[in-house]
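Structural features, examined
Residues per chain, in single letters:
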Amino acid sequence: MLADIFELATAAQAEGKGLGAFNVVVLDHAEQFVAAAEAVGRPVVLQVSENAVKYHGALAPLGQAVLAIARDAAVPVVAHLDHAESVELCRQAVELGFNSVMYDGSKLDDATNRATTAQVVDFCHAAGVRVEAELGEVGGKNGVHDPSARTDPHDAATFVEATGVDLLAVAVGSSHAMTTRGAALDNELIAAIRAAVPVPLVLHGSSGVSDEGMVAAIKAGMTKINVSTHLNKLYTAALREYLAANESVVDPRKYMGAGNAAVRAEVERLLRLYAGQAA
């Protein structure tokens, strides 16, 4: 069933649980993420990034499939546009039926980011669509996605007030596309931002955070947990292992099946971890 991300995140926040959000690069990902969520009995966010849209050439083919899978799921599922730097792409997602978008104005100066984010919020809210966003250069002199960047709680609160966003991505020590899991999050800062900001917080770059680190971050106040690179790494390793052991296989359903199984098992595990359930 297609569900409201703000309602899911608010409920998870109140329960001290994390909301798993996983990036869909190909159709198989969406199928496996939902199967895992159904097995665990937890909601899930299916994220299609602007980079994935560029890979497929347009949003509609993959986006329509994601929406169909979300609507048929036995658990609450969000169809979410991730890291869209294009306002037009946000409009396309809304028109297609996505019920959540993440507008990424982090490369813009702070004033422009706030103004453009507010514009996106206006047309999204008019259509009943939720908006996630993040601060721009105020997030850190080395860029908001640099692990050294830190979000100031006061800046975060004023950004939310000025833009009306429903969720806020913050910089607390993680970084995108990490292939190791050694990122050290600033849990005291997470707690301070949580106390200052009235909307659920989002952690980008969660692939670089250990299980223990993620549990602590959720306890400190982090709610929506974005994961992509970690799953891609497992998927690729499973494919390589399968092909190395089965050199004569040419049917992609067989070797992709190995990758899918690895991803589904890990998403089940992560969803349980975020929910505080025993493995």
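Everything below is about the structure shown above.
The text that follows walks through the structure, step by step, so that each part is easy to find. (Residues numbered from 1 in each chain as written. Predicted model: local features only at pLDDT ≥ 70, side-chain atom pairs only at ≥ 80, totals over all residues. Heavy atoms only, no water.)

1. Points about the packing of helix α8 (residues 187–196) against helix α9 (residues 211–220)
Short version of the rule: Axis definition: a line fitted to C-alpha atoms, limited for helices to the stretch in contact. Angles are taken between N-to-C directions and run from 0 to 180 degrees. Numbering of helices and strands runs from the N terminus, with a helix taken as a DSSP run of H or I at least four residues long and a strand as a DSSP run of E at least two residues long. Any angle that falls under 35 degrees is termed roughly parallel, while one over 145 is termed roughly antiparallel, one within 65 to 115 roughly perpendicular, and all others oblique. Here a crossing is taken to be left-handed if its near helix is turned anticlockwise relative to the far helix by less than a right angle, and right-handed if that turn runs clockwise. Residues count as neighbours in contact if any of their non-hydrogen atoms are within 4.5 Å of one another. The nonpolar class holds Ala, Val, Leu, Ile, Met, Phe, Trp, Tyr, Cys and Pro. Asp, Glu, Lys and Arg form the charged class, and all remaining residues, Gly among them, are polar.
Closest axis-to-axis distance for the α8/α9 pair is 8 Å, and the angle between their directions is 30 degrees. By the angle class used here, α8 and α9 are roughly parallel. Taken as a pair, α8 and α9 cross one another with a handedness that is right-handed. From α8, N187, I190, A191 and R194 reach across to α9, where they touch A216, A217 and A220. For the contact of α8 with α9, the residue count by class is 5 nonpolar, 1 polar and 1 charged.

2. Considerations on the nonpolar core
Spelled out, the test is: Residues belong to a common nonpolar core when they are buried Ala, Val, Leu, Ile, Met, Phe, Trp, Tyr or Cys residues joined through side-chain atoms within 4.5 Å. A simple rule labels every residue: compare its accessible area, found with a 1.4 Å probe on the protein chains alone, to the largest value its type can have, and call it buried under 20%, exposed over 50%, or partly exposed in between.
Formed by 72 residues in total, the largest nonpolar core has its most connected members in F22 and L46. Take this core: its biggest share by element is 6 residues, from helix α2 (residues 27–40). Counting residues in each nonpolar core, the second largest holds 11 residues, with L8, A9, V45 and V202 among its members.

3. A closer look at the packing of aromatic side chains
Inclusion rule: Aromatic pairing here means that ring centres of Phe, Tyr or Trp (its six-membered ring) are within 6.5 Å. Orientation follows from the plane angle: under 30 degrees is stacked, over 60 is edge-to-face, and everything else is tilted.
Using the criterion set out here, one finds 1 aromatic pair in the structure. Between F22 and F33, the aromatic rings sit 5.5 Å apart at their centres with planes inclined by 50 degrees, giving tilted as the arrangement. Of this pair, F22 sits in strand β1 (residues 19–23) while F33 sits in helix α2, and the two are 11 residues apart along the sequence. With a relative accessible area of 1%, F33 lands in the buried category.

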